[in-house]
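The residues making up each chain are set out below.
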Amino acid sequence: MTVKRLTLAAIFTAIALAVYVIEAMIPLPIGLPGIRLGLANTVTLIVLFMPKDGIIKTKITGADALIILLCRILLGAFITGRAVALAYSLTGGLFALGAQVITKRFVTPKQIWVCGALGAVFHNIGQILAAIVITGTPSIAAYLPILIVAGVVTGVITGVAAGFTVARFSRNPA
């Protein structure tokens, strides 16, 4: 990894971590457990769709996105005091990233919102699977339809936000 890529990965990790920590402090008025906007996922989407010939002019790979995601989840769990939920976050994050990497092959940068929605849905699926394994309670899956609906809505929001940012990175300032 070049110094420039490492520096970019560190910057994106810091941004994602800051967003994650701030979001963790803000309670949502929905009243349903497990539903969050997932704004830190915006950074993951930006990294995945970063144009190689844009403003930054550095190739950022899916492996970089994985490193950023893992660092954000691990550091975020300890900073927010939610280390108990680490297994849920890791499973959900890896499921989401996997879905986004696959979906990226089939969508244009203007359709990042599709990746955001699918990533959020797969994040919820991963978390529910982790919860079933950890608790030994398969009936937890009954909550999945509610999480999927919320995931589509929040995923579209993060995808649209990432799309605007990627479009800005694509423009040549000169």
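For the structure itself, look to the data block above.
Colleague: Explanation requested: the overall build of the protein in the structure shown.
Modeller: When its secondary structure is counted, the protein shows six helices and zero strands. The secondary structure elements of the protein, listed N-terminal to C-terminal, are α-α-α-α-α-α. In summary, the protein has a C-alpha radius of gyration of 16 Å against a globular reference of 16 Å for 174 residues, a match within 12%. In terms of overall dimensions, the protein has a C-alpha envelope of 55 × 30 × 30 Å along the principal axes. Here the protein, with 174 residues, has 40% of them falling under the buried criterion. For the protein, the computed accessible surface area is about 9300 Å², with 74% contributed by carbon and sulfur atoms.

Colleague: Would you mind showing me how to read the side chain of glutamate 23 here?
Modeller: Among the secondary structure elements, glutamate 23 is positioned in helix α1 (residues 3–25). Judged by relative accessible area, glutamate 23 falls into the buried class, the value being 11%. Of note is the side chain of glutamate 23, whose polar atom sits 2.9 Å from the backbone nitrogen of leucine 39. Leaving out residues up to four positions away in the same chain, glutamate 23 has contacts with Arg36, Leu37, Gly38, Leu39 and Ala40.

Colleague: Mind showing me how you'd approach the nonpolar core here?
Modeller: For soluble globular proteins, nonpolar side chains are generally found buried alongside one another. The biggest cluster of nonpolar side chains holds 25 residues, and the ones touching the most others in it are Phe12, Ile46, Val47, Phe49, Met50, Ile60 and Ile112. Where this core is concerned, the elements lending two or more residues are α1, α2 (41–49), α3 (62–79), α4 (86–104), α5 (112–135) and α6 (144–170). No other element matches the six residues that α2 contributes to this core.

Colleague: It is not clear to me how the pattern of salt bridges should be interpreted in this structure. Could you clarify?
Modeller: Once their charged atoms are close, side chains differing in charge can pair, the charge on each being opposite to the other. Enumeration according to the criterion identifies one salt bridge in this entry. One salt bridge in this structure joins arginine 5 and aspartate 64, with 2.8 Å as the shortest N-O distance. Note that arginine 5 is positioned in helix α1 and aspartate 64 in helix α3, a separation of 59 residues in sequence.

Colleague: Teacher, can you tell me more about the environment of isoleucine 26 here?
Modeller: Topologically, isoleucine 26 is positioned in the loop between α1 and α2. Taking the C-alpha atoms as reference points, isoleucine 26 and isoleucine 15, 11 residues apart in sequence, are found 17 Å from one another.

Colleague: So what exactly am I meant to see when it comes to α1 here?
Modeller: In an α-helix there are 3.6 residues to a turn, and that puts residues three or four apart on one side. Compared with the 33 Å implied by 1.5 Å per residue over 23 residues, the 33 Å span of α1 between its first and last C-alpha is a close match. Turning to α1, its buried residues are Leu8, Ala9, Phe12, Thr13, Ala16, Leu17, Tyr20, Val21, Glu23 and Ala24. Next to the buried residues of α1 lie α2 and α3.

Colleague: What is the right way to read the packing of α1 against α2 from this model?
Modeller: Pairs of packed helices are described in terms of their axes, by the angle between the two and the distance that separates them. With their axes 8 Å apart at the nearest point, α1 and α2 run at an angle of 155 degrees to one another. When the axis of α1 is compared with that of α2, the two are roughly antiparallel. Contact residues: Phe12, Ile15 and Ala16 in α1; Val43, Ile46 and Val47 in α2. The class makeup of the residues in the contact of α1 with α2 is six nonpolar, no polar and no charged.

Colleague: Would you explain the side chain of serine 89 in this entry?
Modeller: Inspection of the secondary structure assignment puts serine 89 in helix α4. Once residues within four sequence positions are removed from consideration, serine 89 is found in contact with Ile73, His123 and Gln127.

Colleague: Hey, could you run me through the packing of α4 against α5 in this one?
Modeller: Contact pair α4 / α5: the axes reach a minimum separation of 7 Å and the direction vectors enclose 145 degrees. By crossing handedness, the relation of α4 to α5 is classed as right-handed. Grouping the amino acids of the contact of α4 with α5 by side-chain chemistry returns 14 nonpolar, 12 polar and one charged.

Cut-offs applied
Residues numbered from 1 in each chain as written. Predicted model: local features only at pLDDT ≥ 70, side-chain atom pairs only at ≥ 80, totals over all residues. Heavy atoms only, no water. Helix = DSSP H or I, 4+ residues; strand = E, 2+ residues; numbered from the N terminus. Rg over C-alpha atoms; globule rule 2.2 N^0.38 Å. Buried < 20%, exposed > 50% of the residue type's maximum accessible area, 1.4 Å probe, protein only. Areas by Shrake-Rupley, 256 points an atom, 1.4 Å probe, with all protein chains shown as cover. Polar contact = N/O pair within 3.5 Å; in protein donor to acceptor, adjacent residues only side chain to side chain. Contact = heavy atoms within 4.5 Å. Core = buried A, V, L, I, M, F, W, Y, C linked by side-chain atoms within 4.5 Å. Salt bridge = Lys/Arg side-chain N within 4 Å of Asp/Glu carboxyl O. Expected span 1.5 Å × (residues − 1). Axes fitted to C-alpha atoms, helices over the stretch in contact; angles between N-to-C directions. Parallel < 35°, antiparallel > 145°, perpendicular 65-115°, else oblique. Nonpolar A, V, L, I, M, F, W, Y, C, P; charged D, E, K, R; others polar. Left-handed = near helix turned anticlockwise from the far one by under 90°.

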